[in-house]
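# Report on the structure
Letter by letter, the chains look like this.
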Amino acid sequence: MNFSFYIARRYLFSKKSHNAIHITSLVAVCGVAVATLATVCTLSVFNGFRGLVSDMFGAFDPELKITAVKGKVFDPSGEIFLEIRSLPEIDLISESLEDNVLIRYRERQVPAILKGVSDNFDSVAPIQQVIFDGQFQLKNGISALSNLGIGVADMLSVNANFISPLEIYAPKRNAKTVNLANPMASFNVEYAYISSIFKINQPVYDENYIIVPLELARALFDYPTEVGAWELKLRKVNNIPTVQKKIQALLGEEYCVKNRYEQQESAFHMVNIEKWVTFLMLCFILLITAFNIIGSLSILIVDKQKDIQTLRNLGADNNLISRIFLFEGWLFSVVGAVMGILLGLLLCFGQQYFGWIKLGNTFVVEAYPVQVMPGDLVLILITVLTIGFLAVIYPVQYLSRKWL
C-alpha cells in the first residue's frame, strides 16, 4: 500500500485530538454526500419525467416512422418498400395519411388534423391505453368511425357514440379556383360517427387530432394510393437503433426514418436541456461544498504538526507529507461521493416502489416518477471526484509552503 495513502486513511478514520477537527471532517464528508445525493435524485427525477413523456407519446407514436423528406406524401409501391416489408425485424406496418380539415357537428365547428390509419393501427401504437370514453374502432360495417382527442371533443361538445355523424371538410386538392356561386363545391365532404375519445395529456394530440380509417382520408384528400407515413412496429424493442439505420440505408436521402424520440424532438430536447442546466447548477453547489474540505484540511495540517515533525525525523520530505494531505482531501470526496450515491439510490428506489413524495391529483401520475440510469451515476461520480481533486491541489500546496 502507498505510504502516503496509508497515513491519509489513518487520519480520516482515526480519532482526532480535538473534537472540532472531528466535526469539521464530518461536515466536509457530509457536505459532499448531501450534494451528491441531491444530484442523483434530481437527475433520476428528470429521467422519470422523460420516461413518462415517452410513455404518453408512445400511445400515439410508432416505434419507427418513415416519411418523405420532400412533400407530404409518397407512393409505397416501389421495390424498396417491398424489400422493407420482407425484413425479418419488422412485425407490423401501418400506413397513415394526415392533413388539416374542418370538423362540424351541428352548429359547432373546429379546425383539426385528420389522421387516416390502417386497420392495424391499434396494434402498432397502443392507443387503447389512453381511450377516455368509448372504444377505439375505425369501422362499423360500412360506416366509418372517428376517434377524437379530448380537446377536439370538448370544443364540439360531443361524446362517444353520439347518434349524428361528424361532417369533415377538406379543400379539393386539384381545384384551382373557388366556385363563388357554390363555395361548398370546392370542398370534399365525408361523414364519420364518433367511436371514442382519447386523452394522451399532450395538447399537440388532445386538442388537434382526429383518427379515421385510411380510406376516408384518401377520399377526403384525393390521394388514391399515396400515404403520408409508414409506421412500424418491430419484433424486438431493443433492436430499434440497428433497424433504423438499416432501413435508412435502404431508403437513402429521399426518406427519413425517425424513432419516437426524434418524432417528438422538441419535447424531449427541452427536457434534456432542463436536466443538464440543473446538473450544472448542482455542480456549482458541489464546488461550494469543496470549501468545507479546504477548511478541514487547514485545521488538520495545523493539528498534525507533531506528526509532521516525527515524519521528518524519520526521513520524509515535503513532497511525501504534501501527498498525505492531498490524499486526505481526495478521501473526503471519495467517501462523500460513495455515501451520496448509495443514499441517493436508496431514496430513488424507495420513491419508485413506494411513491413517498406525491404530486397531487391534478397530475398524470400520483407520485414523482423516478428512473435511475447507470450512465448518470458514473457521470456524477466522475464529476464529484474531479471537483474534489481540483479543489484540494492548490490549497494543499499553499498550506504546505506555509506550515511545512
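Structural data are supplied above this passage.
Here is a short report on the structure shown in this document. Nothing here was measured: the structure is a model prediction, and the numbers come from that model. (Residues numbered from 1 in each chain as written. Predicted model: local features only at pLDDT ≥ 70, side-chain atom pairs only at ≥ 80, totals over all residues. Heavy atoms only, no water.)

### With respect to the pairing of strand S10 (residues 229-234)
Operational definition: Any residue under 20% of the maximum accessible area for its type is buried, any over 50% is exposed, and the rest in between are partly exposed; the area is computed with a 1.4 Å probe on protein chains only. Each helix is a run of DSSP H or I of at least 4 residues and each strand a run of E of at least 2, with the numbering of both proceeding from the N terminus. Strands are treated as partners if at least two bridges between them are detected by DSSP.
By the criterion of burial, S10 is predominantly enclosed, with 5 of the 6 residues buried. With 3 bridges connecting them, strand S1 (residues 64-68) and S10 associate as antiparallel partners. Across the sheet, Ile-66 pairs through a bridge with Trp-230, a residue of S10. The sheet contact formed by strand S2 (residues 90-105) and S10 spans 6 bridges and is antiparallel. Within S10, the residue paired with Ile-93 across the bridge is Leu-232.

### So, the packing of aromatic side chains
For the record, the criterion: Two aromatic rings, drawn from Phe, Tyr or Trp (for Trp, its six-membered ring), form a pair once their centres lie within 6.5 Å of each other, and the interplanar angle then sorts them: stacked below 30 degrees, edge-to-face above 60, tilted otherwise.
Summed over the entire model, instances satisfying the criterion amount to 18 aromatic pairs. Note on Phe-49 and Tyr-368: the rings are 6.1 Å apart at their centroids and 90° apart in plane angle, and the pair reads as edge-to-face. With Phe-49 in helix H2 (residues 19-58) and Tyr-368 in the loop between helix H12 (318-354) and helix H13 (374-403), this pair connects stretches of sequence that are 319 residues apart. Under the relative-accessibility criterion, Phe-49 is labelled partly exposed at 28%.

### Some remarks on the side chain of Asn-259
Let me state the cut-off plainly: Pairs of N or O atoms are called polar contacts if they sit within 3.5 Å, as long as, within protein, a hydrogen donor faces a hydrogen acceptor (for residues adjacent in sequence, only side-chain-to-side-chain pairs). Whether two residues are in contact is decided by their heavy atoms, any of which lying within 4.5 Å being enough.
Its place among the elements puts Asn-259 in strand S11 (residues 255-259). Looking at Asn-259, its side chain comes within polar contact range of the main-chain nitrogen of Tyr-261, at 3.1 Å. In this structure, Asn-259 is in contact with Glu-63, Leu-64, Ile-240 and Gln-244, ignoring residues within four places of it in sequence.

### Observations regarding helix H8 (residues 240-251)
Quick reminder of the rule: A helix is expected to reach a length of 1.5 Å times the quantity of its residues less one. By arc we mean the arc of the directions from the helix axis to the C-beta atoms, nothing more.
Taking 1.5 Å per residue, 12 residues should reach 16 Å; H8 reaches 16 Å between its end C-alpha atoms and fits that length. All of the buried residues in H8 are Ile-240, Val-243, Gln-244, Ile-247 and Leu-251. For H8, the buried positions fall inside an angular range of 105° around the axis, keeping them on one side. For H8, the exposed residues set more than 90 degrees away from the buried face come down to Thr-242, Lys-245 and Ala-249. Taken together, the buried residues of H8 touch S1, helix H3 (79-85), S2, S10, S11 and helix H9 (260-263).

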